[in-house]
Amino acid sequence: MSNPSQLSGSWSSIRSWTSLIAPGDFHLVVQRDKGVVRLATDQAPSENSCRPSVDVLLRSVAEVYGAGAIAVILTGMGQDGLHGCKCIREAGGQVLAQDKASSVVWGMPSFVVNAGLAD
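Residues numbered from 1 in each chain as written. Predicted model: local features only at pLDDT ≥ 70, side-chain atom pairs only at ≥ 80, totals over all residues. Heavy atoms only, no water.

## Structural notes on the side chain of Ser110
Part 1 of the argument: Take Ser110: it is sitting in helix H3 (residues 108-114).
Part 2 of the argument: For Ser110, a relative accessible area of 10% translates into the label buried.
Part 3 of the argument: At a separation of 3.0 Å, a polar atom in the side chain of Ser110 contacts the main-chain carbonyl oxygen of Trp106. (Helix = DSSP H or I, 4+ residues; strand = E, 2+ residues; numbered from the N terminus. Buried < 20%, exposed > 50% of the residue type's maximum accessible area, 1.4 Å probe, protein only. Polar contact = N/O pair within 3.5 Å; in protein donor to acceptor, adjacent residues only side chain to side chain.)

## Details of the pairing of strand S6 (residues 70-73)
Part 1 of the argument: Residues Ala71 and Ile73 point to one face of S6 and are all buried, whereas Ile70 and Val72, pointing to the other face, are not buried.
Part 2 of the argument: Two strands pair when backbone bridges link them, and S6 and strand S7 (residues 94-97) are joined in this way by four bridges, in the parallel orientation. What sits directly across from Val72, in S7, is Leu96.
Part 3 of the argument: Viewed along the sheet, the connection from S6 through helix H2 (residues 82-90) into S7 turns out right-handed. (Pairing = 2+ DSSP bridges. Right-handed = clockwise from strand over helix to strand, strands pointing away.)

## A look at a nonpolar patch on the surface
Part 1 of the argument: On the surface, a nonpolar cluster with roughly 350 Å² of combined accessible area is contributed by Ile70, Val72, Leu74 and Leu96.
Part 2 of the argument: Within the secondary structure, Leu74 is located in the loop between S6 and H2. (Patch = residues over 30% accessible without salt bridge, like charges linked within 9 Å, V, L, I, M, F, W, Y side chains within 5 Å. Areas by Shrake-Rupley, 256 points an atom, 1.4 Å probe, with all protein chains shown as cover. Salt bridge = Lys/Arg side-chain N within 4 Å of Asp/Glu carboxyl O.)

Structure representation (structure tokens):
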């Protein structure tokens, strides 16, 4: 089974086994409209000096999926994702973070682990 990746545009459908990537300078958010979950892009202000920001995406995931949400934070610099993971946990969802030994840069995962948010 292939795992195609593509840039997401506003109102992209979420499909199994497909990776959607936020286009540069756009946040990616999950929205539910009339029972259908889709991805949308926007150019709201940067967060954590980032656009796209993982925090923006994860907050929207927590709002749409609640306790069914899962966040996976992999190697990366900075603390983007920390506040979004807090939203996922507050909604009853699960947070996974890459371990230090397998991370190229244990930045983003370290903030999540050190905050006690990772399962």
